[in-house]
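Below, each chain spelled out in residue letters.
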Amino acid sequence: MINVELSLIAIVLPVIIFLLYLILASSNFVVTHKKKFSFLTDFPYETFEKKRNHLGGFSVLIAFLVSEVLVSASMFVNFYDASPDLIGLLILSALLTVVMIFLVIRIHTLSAGREKIHLTRFYLMGLGLVLLSSVNGIIFLNLSKGRESETAVLVLSIIQFVLALSVVFILINPRLKDWAHLEKVVDEDGGTSLKRPKPFVLAFSEWIIIFLLVVSWLLSAISNYLIVK
């Protein structure tokens, strides 16, 4: 019963905290930049640029990321003795989760003005997600065999692989080479200025990967619950 409850908490708690994070991130952006926040053009780090003024919102981000450790913890508690071959994959999944937590924090604290380092963090975050989704997909493909929920878990595992493949396509997007390109617009007074195009490819891609990461964790948490319930 404890395992089932932990598995259920690993689904519900991160979702609630993530929604709270989105609300606070968008409101913090409005306070800092005096304009409406957009996932199409604004970077994750821009939502918490003035961390002294927005410690509460940034703390919620940390709380969400830490809450995702519950998924790995629940998986390990539930399945560490299922098969000797799976122990290594469970440990790898937990390590990749910790790595992803670190990279998401870094993408929220590193300005895009440091272009090469920021872009490197982005690619590392994407690669980490590819590995995490693939490893968890393999884990639950193996665990689903012979279970009552085999079909449902099998479908969720396949979605994990599709998700990983989607991230690969994001990472090889040729537009990322010129992500800093701005559009020239003519102002009402006849002057010209530069603005970010919609979508601003790097900022938008970072948000996509963050959302896909949340989906990947959620797929794992649901698969975990379906097997132990």
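Note that the structure is predicted; figures quoted are calculated from it, not measured.

Calculation rules
- Residues numbered from 1 in each chain as written.
- Predicted model: local features only at pLDDT ≥ 70, side-chain atom pairs only at ≥ 80, totals over all residues.
- Heavy atoms only, no water.
- Axes fitted to C-alpha atoms, helices over the stretch in contact; angles between N-to-C directions.
- Helix = DSSP H or I, 4+ residues; strand = E, 2+ residues; numbered from the N terminus.
- Parallel < 35°, antiparallel > 145°, perpendicular 65-115°, else oblique.
- Contact = heavy atoms within 4.5 Å.
- Nonpolar A, V, L, I, M, F, W, Y, C, P; charged D, E, K, R; others polar.
- Phe/Tyr/Trp six-rings, centres within 6.5 Å; stacked < 30°, edge-to-face > 60°.
- Buried < 20%, exposed > 50% of the residue type's maximum accessible area, 1.4 Å probe, protein only.

A. Focus on the packing of helix α3 (residues 69–79) against helix α4 (residues 84–109). At a minimum axis separation of 9 Å, α3 and α4 run at an interaxial angle of 175°. In terms of orientation, α3 and α4 fall into the roughly antiparallel class. Together, V69, S72, M75, F76 and F79 of α3 and L90, I91, S93, A94, T97 and I101 of α4 make up the contact between the two elements. Of the residues in the contact of α3 with α4, the class split is 8 nonpolar, 3 polar and no charged.

B. Structural context of unusual backbone geometry. Following K198, the chain continues to P199 via a peptide bond in cis, the omega torsion being 0°. With a phi close to 60°, K34 is a non-glycine residue in the positive phi region. Tracing the sequence through the fold places K34 in the loop between α1 (2–33) and α2 (55–67).

C. A look at the packing of aromatic side chains. Taken as a whole and assessed by the stated rule, the structure comprises 18 aromatic pairs. With a centroid separation of 5.9 Å and 85° between ring planes, the pair formed by F43 and W179 is classed as edge-to-face. Here F43, found in the loop between α1 and α2, pairs with W179, found in the loop between α6 (150–171) and β1 (183–186); they are 136 residues apart in sequence, far enough to count as distant. Across the pair, W179 and F43 agree in class, each one buried.

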